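Results of the structural survey
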Amino acid sequence: MIKLRSAMVLPLVAALAAACSKTPEPTATSAPEAPATSKPAAPAEAAPAPKPAPASGQQAGGELAWDAPASFESAPNPNAMRKATYKIKRAAGDTEDAELSVSQAGGSVDANITRWAGQFSQKSDDSPKRTDLKAGDLKVTIVEVKGTFAGSGMPGMPASDPKPNYALLGAIVDTPSGLWFFKMTGPEKTVTGARADFDKLVNSLRLK
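Computed from a predicted structure; not experimentally measured.

**Brief notes about the overall build of the chain**
The number of helices and strands found in the chain is four helices and eleven strands. Going through the 208 residues of the chain one by one, you find that 31% of them count as buried. In the chain, the share of contacts with a sequence separation of at least 24, taken over all contacts with a separation of at least 6, comes to 57%. Entry remark: accessible area of the chain is about 14,000 Å², with carbon and sulfur atoms responsible for 58%.

If you want it as structure tokens, here you go:
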């Protein structure tokens, strides 16, 4: 009886040992998700480059350009005929500032010199004084008148009282589109004191 039991136990023990020795199969695991790749941002549109600022004091009208001295203060144009207007601070002892007007009109150089001289009811013996020169390739006529100023005589402008000891310093510029006028009027002392800056402006005249 004992031998029979031993014979039955041995196969059972062997079966249990075989079952325990089996290596468990690995369980399937899901592959890790690949990190999401973000699309590259679209390049921002380049902002338009700012326009360069004009040079200090540079002025232009039509085809003509010039450099206004720092002492010439830009002022509003009183009418549509003006291309530019400047105020020149009065010299010590004078009661008014001088004014420089820039305009374009027809007529000949001689006719406009006569017109300017006619704005003075009394003139000095050497008025009008004329000097012809060149600014680059431009022909320029400098005009000087001294005396009692009676007004511009422009249509629509109010009449002014005669102003003694006044002066006119002007430049008539011959351009392909006609004559340009740079006309400074004011107390003689102020106009004379601004002559150097006026000459600088004339020397800077150029076609655009």
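**So, the pairing of strand 7 (residues 129–135)**
The two faces of the sheet receive side chains in turn, since in a regular strand these alternate between them. Across seven bridges, the pairing between strand 7 and strand 8 (residues 138–149) is antiparallel. Its bridge partner being in strand 8, threonine 131 is matched across the sheet by isoleucine 142. Hairpin connection, strand 7 to strand 8: the antiparallel pair is bridged by two residues, and glycine 136 has positive phi, about 65°.

**With respect to unusual backbone geometry**
Look at the link from serine 127 to proline 128: it is a cis peptide, with omega at -5°. Mapped onto the elements of the fold, proline 128 is located in the loop between strand 6 (120–123) and strand 7. Backbone geometry at asparagine 165 places phi at a positive 55°, although glycine is not the residue there. Structurally, asparagine 165 is set in strand 9 (residues 163–175). Residue classification places asparagine 165 among the exposed positions, given a relative accessible area of 59%.

**Here we look at the nonpolar core**
The biggest cluster of nonpolar side chains holds 27 residues, and the ones touching the most others in it are Trp66, Leu100, Phe182, Met184 and Leu205. Counting residues per element, the ones that place at least two in this core are strand 2 (64–67), strand 4 (82–88), strand 5 (98–105), strand 8, strand 9, strand 10 (178–187) and helix 4 (195–203). For this core, the leading source of residues is strand 9, giving four residues. By size, the runner-up hydrophobic cluster in this structure holds eleven residues, among which are Ile113, Trp116, Phe120 and Phe149.

**Looking at the pattern of salt bridges**
This model, assessed by the stated rule, comprises eleven salt bridges. Salt-bridge contacts for aspartate 97 lead to arginine 90; the nearest nitrogen and oxygen are separated by 3.0 Å. Through salt bridges that share partners, Arg82, Lys87 and Glu99 make up one connected network.

**Comments concerning the side chain of threonine 185**
Note on placement: threonine 185 falls in strand 10. Those residues within four positions of threonine 185 in sequence are excluded, and the remaining contacts are Ala98, Glu99, Phe149, Tyr166, Ala167, Leu168 and Val191.

Reading the values: rules and limits
- Residues numbered from 1 in each chain as written.
- Predicted model: local features only at pLDDT ≥ 70, side-chain atom pairs only at ≥ 80, totals over all residues.
- Heavy atoms only, no water.
- Helix = DSSP H or I, 4+ residues; strand = E, 2+ residues; numbered from the N terminus.
- Buried < 20%, exposed > 50% of the residue type's maximum accessible area, 1.4 Å probe, protein only.
- Contact = heavy atoms within 4.5 Å.
- Areas by Shrake-Rupley, 256 points an atom, 1.4 Å probe, with all protein chains shown as cover.
- Pairing = 2+ DSSP bridges.
- Core = buried A, V, L, I, M, F, W, Y, C linked by side-chain atoms within 4.5 Å.
- Salt bridge = Lys/Arg side-chain N within 4 Å of Asp/Glu carboxyl O.

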